[in-house]
Structures are given as C-alpha cells and as structure tokens.
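Coordinate analysis (summary)
So you can see what is in the structure, the chains are spelled out below.
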Amino acid sequence: MCHMFAHQPQENYQSVTRSIRIGGHITSVRLENTFWTILEEIAASEGSSVAKFITTLHDEVLDCRGEVQNLASLLRCSCLIYISRKAGQPIGGHPLMAAE
C-alpha cells in the first residue's frame, strides 16, 4: 500500500506559499501543491477565486468560533472534507464529515 503513496510525484507534496488579503491584512499561507489544487477546485465550484473562498471561509469561522487558530490546518481539513464528500465517503465515519 505504501507504494502508491511513495511513488506519487514530488510536486504533489512540495509546499507553496501564497499571500492573501484577509480583512485588509496580508497574510501568507503555506500549503502543499495538492491542497492548492483542491482549493482551486472548491473555489471554482463556488464561482469564486481561491483568495475570495479563503476570505469567506475565514470570516465564517470568525463568526462561528471567534478566531481562526491555524488557517493552514483549517484549509487542509476543508480540502479533506470536500474530497470525502465528493467521494460520498465521510472520513472515518465522523458525523461532521458526512454529506448534509
């Protein structure tokens, strides 16, 4: 099974840093290429740019939780939720990951 993971292209897991303006402030987010690709797909499905999607997500988390503790982790987990819902298979059977 590790063969499948070990032989993926290195470009998949190379990190890329992008600058994004959120709430009038510029912040940098460092994610692996694969996550940027998934975020582009999510944004396109919302009719939005990646920057606008991230800003909207950030603002919604602020409204819900009062703070965003780790934006990069939030984005990675959001990508996993998106992919698992798209596949119709919630991650680990966790109810929050199930399709609504």
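The rules we used
Residues numbered from 1 in each chain as written. Predicted model: local features only at pLDDT ≥ 70, side-chain atom pairs only at ≥ 80, totals over all residues. Heavy atoms only, no water. Helix = DSSP H or I, 4+ residues; strand = E, 2+ residues; numbered from the N terminus. Expected span 1.5 Å × (residues − 1). Buried < 20%, exposed > 50% of the residue type's maximum accessible area, 1.4 Å probe, protein only. Contact = heavy atoms within 4.5 Å. Phe/Tyr/Trp six-rings, centres within 6.5 Å; stacked < 30°, edge-to-face > 60°. Lys NZ or Arg CZ within 6 Å of the ring centre and 35° of its normal. Core = buried A, V, L, I, M, F, W, Y, C linked by side-chain atoms within 4.5 Å. Pairing = 2+ DSSP bridges.

1. Quick notes on helix α4 (residues 50-65)
When the terminal C-alpha atoms of α4 are compared, their 22 Å separation across 16 residues agrees well with the 22 Å that a helix rising 1.5 Å per residue should span. Listing the buried residues of α4 in full gives V50, F53, I54, T55, L57, H58 and V61. As for α4, its buried residues are in contact with β1 (15-22), α3 (33-45) and α5 (71-87). In the stretch just after α4, G66 is the one whose phi turns positive, near 90 degrees.

2. What to know about the side chain of T55
For T55, the location among the structural elements is in helix α4. Sequence-distant contacts of T55, that is, excluding residues within four places in its chain, are made with I20, R21 and I22.

3. Re the packing of aromatic side chains
Tallied over the full model, the rule gives 0 aromatic pairs. One Lys or Arg, R18, reaches over the ring of W36 and ends 4.3 Å from the middle of that ring.

4. Re the nonpolar core
By size, the foremost hydrophobic cluster in this structure holds 19 residues, and its most contacted members are V29, L31, W36, L39, F53, I54 and L75. Those elements giving two or more residues to this core turn out to be β1, β2 (25-32), α3, α4 and α5. Of all the elements, α3 adds the most residues to this core, at 6 residues. In contact with I54, other than residues within four places in its own chain, are I20, I22, W36, L39, L71 and L75.

5. Things to note about the pairing of β1
Here β1 pairs with β2 via 8 bridges, running antiparallel. Bridged to T17 within β2 is R30. Between β1 and β2, which pair antiparallel one after the other, the connecting turn spans 2 residues, and G23 there sits at a positive phi close to 55 degrees.

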